[in-house]
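Architecture and fold: a report
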Amino acid sequence: MISRRTIAAAAAGLLLGTLALAGCSGDSGGGGAEGGEITGTLNFYTDKAAWKPDFESLNEVSGDAVDITLKTTGYSDANQYDAFIKQSFRTDKSPGLFTWHTGDSLKQLVDEGLVAETTDIWSKAVDEGWVSQDLRDSYTFDGKQYCVPMNIAYWIMFYNKAAFADNGIEVPTTWDELNTAAETLKDAGVTPYYQTSVLFTFQWFQHLVASTDPDLYAGLTTGDVKYTDPEVVDVMNVWLEEQENGWFSDAGSTTDPAVGLKQGDYAMINFGTFFAGNLEGAGMTTDDYGMFAIPAVNGDLDTTPVAVESGPICTAENSKQRDLGLAYAEWWMSPEAQTAWNDAHGDVAFNPKAEVADPALAELGEQIAGDDYSLYDRFFEAMPTEIVTTAIEQFGAFNANPGDPMPFLEKIQATADKYWAEQE
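The protein is annotated in an unreviewed UniProt entry as Extracellular solute-binding protein of Microbacterium sufflavum.

This is how it looks when you write it as structure tokens:
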């Protein structure tokens, strides 16, 4: 059965400053592992620099609720940020609160004893109905929980409503209906789907595999299934046929994806629910675009698999602000905090008792939370980092020059073989 661990949402913006290691001090907050009241100013470090105003807009709410406010430092260079955080663990300057990544990246920190345990926080949140047991499982290592979710995002399909309406297309509820919609759009001179050759190259692969056979996807996460296995090759050939049908946009286009959907360069784009904010920034409203969960390839599945990602917020175990960070993390899980966060940032909410500002996202979130859908970890977090790096490159190469999938899969499997051999 597929793990329901979730990942870190990928977002970046302008670099707000390079932080020297000595600057990651816990001195500016009240309380901590050394005692005192658990209130004050909490130093918060994130690789989501563009979200700094969103995080700090919660200070009034958190200040009133728990007397804790954030002093946020944002990075937009992911590699620089990761290096800084890992270096900070070697000192007593490690952060009281920082964003990280789920999956293998978080497991590495847990295995080294670098992040604080949050089992009590999770137990309270589950008991209060603030979070699902499924999401708790995603943050569980050897029976204990670490970090808390910053957010969640479902990877679904956005579509241009005018393109659908002009061609008499209803929102598809089966794989055959989705294929018929793609054929109709192509025949009308409209490119059905967006694609790229960089970074976000994995989402169509993950959906094709997971919604064909969830166990096949789960096997890739453990190495029990090879990328060169016949079943995976069959999935890639479905993708190749769609490429040959001309259903995908130019993988090398430099047009902003949101702008492309707005101006009709393509009718649909598979992205995380956070992309609604990008579309709003491009001048679209829910009168212009819609969202739907992508139908399963295999119509015989009991539920429709939906990829989900979650970005964790963590506290360093040896931070001077450890207790302050954990206190904020406990408040962060509450409906009050998540309602305020949704007002500031906008997306679906992991806490079902939080109010979601966007009615369309609220409706989608309620739908996917129902019994007809199941969640699986987004490829980016579900697979080991080394394998993800190679796979993103190879899927990008496939998008740019579609052809026999085996050479692409062999290169991914070569990395997988090396990785799994090192784990033995």
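More follows now that the structure is in view.
1. Observations concerning the overall build of the protein
Secondary structure assignment for the protein yields 19 helices and 10 strands. In terms of C-alpha radius of gyration, the protein reaches 22 Å, essentially the compact-globule figure of 22 Å for 424 residues. A separation of at least 24 residues holds for 78% of the contacts in the protein among residues at least 6 apart in sequence. Just so you have it, the protein exposes about 17400 Å², and 46% of that area is on carbon and sulfur atoms. Averaging the coordinates of the 22 positive side-chain charges in the protein and doing the same for the 67 negative ones gives two points 9 Å apart.

2. Topic: the nonpolar core
Membership of the largest hydrophobic core comes to 127 residues, with the highest contact counts inside it found for Phe98, Phe158, Trp204, Phe205, Met268, Trp332 and Phe379. Of all the elements, strand S6 (residues 148-160) adds the most residues to this core, at 10 residues. Setting aside chain neighbours within four positions, we find Trp204 in contact with Met157, Trp175, Leu178, Tyr193, Trp239, Glu242, Phe248, Asn270 and Ile294.

3. What to know about the packing of helix H18 (residues 385-400) against helix H19 (residues 406-422)
The interhelical angle for the contact between H18 and H19, taken along N-to-C directions, is 175°, at an axis separation of 9 Å. Taken together, the axes of H18 and H19 lie roughly antiparallel to each other. Together, Glu386, Ile387, Thr390, Ala391, Gln394, Phe395, Ala397 and Phe398 of H18 and Phe408, Lys411, Ile412, Thr415, Ala416, Tyr419 and Trp420 of H19 make up the contact between the two elements. Of the residues belonging to the contact of H18 with H19, the class tally is 10 nonpolar, 3 polar and 2 charged.

4. Notes on the state of the cysteines
Using the criterion set out here, one finds 1 disulfide in the structure. There is a disulfide in this structure between Cys147 and Cys314, and the S-S distance comes to 2.1 Å. As the torsion about the S-S bond is roughly 105°, the Cys147-Cys314 disulfide counts as right-handed. Of this pair, Cys147 sits in the loop between strand S5 (144-145) and S6 while Cys314 sits in strand S9 (residues 304-314), placing them 167 residues apart in sequence. Using a relative accessible area of 1% as the deciding quantity, one classes Cys147 as buried.

5. Overview of the pairing of strand S7 (residues 268-272)
Extensive coverage of S7 is indicated by the burial of 5 of its 5 residues. In this structure, S6 lies alongside S7, joined through 5 bridges in antiparallel fashion. Note that in S7 the partner of Phe158 across the bridge is Ile269.

6. What to know about a nonpolar patch on the surface
On the surface, Val198, Leu199 and Phe380 cluster together into a nonpolar patch covering about 260 Å² of accessible area. Examined against the element boundaries, Leu199 turns out to sit in the loop between helix H8 (175-187) and helix H9 (203-210).

7. Overview of the side chain of Asn342
Along the chain, the position of Asn342 falls in helix H15 (residues 335-344). The class for Asn342 is buried, based on a relative accessible area of 5%.

8. Quick look at the environment of Asp54
Tracing the backbone through its elements, the reader meets Asp54 in helix H1 (residues 52-56). A relative accessible area of 17% means that Asp54 is categorised as buried. Here the alpha-carbon distance between Asp54 and Ser138, two residues 84 residues apart in the chain, equals 25 Å.

Calculation criteria
Residues numbered from 1 in each chain as written. Predicted model: local features only at pLDDT ≥ 70, side-chain atom pairs only at ≥ 80, totals over all residues. Heavy atoms only, no water. Helix = DSSP H or I, 4+ residues; strand = E, 2+ residues; numbered from the N terminus. Rg over C-alpha atoms; globule rule 2.2 N^0.38 Å. Contact = heavy atoms within 4.5 Å. Areas by Shrake-Rupley, 256 points an atom, 1.4 Å probe, with all protein chains shown as cover. Lys, Arg positive; Asp, Glu negative; His and termini not counted. Charge placed at Lys NZ, Arg CZ, Asp CG, Glu CD. Core = buried A, V, L, I, M, F, W, Y, C linked by side-chain atoms within 4.5 Å. Buried < 20%, exposed > 50% of the residue type's maximum accessible area, 1.4 Å probe, protein only. Axes fitted to C-alpha atoms, helices over the stretch in contact; angles between N-to-C directions. Parallel < 35°, antiparallel > 145°, perpendicular 65-115°, else oblique. Nonpolar A, V, L, I, M, F, W, Y, C, P; charged D, E, K, R; others polar. Disulfide = S-S within 2.5 Å. Pairing = 2+ DSSP bridges. Patch = residues over 30% accessible without salt bridge, like charges linked within 9 Å, V, L, I, M, F, W, Y side chains within 5 Å. Salt bridge = Lys/Arg side-chain N within 4 Å of Asp/Glu carboxyl O.

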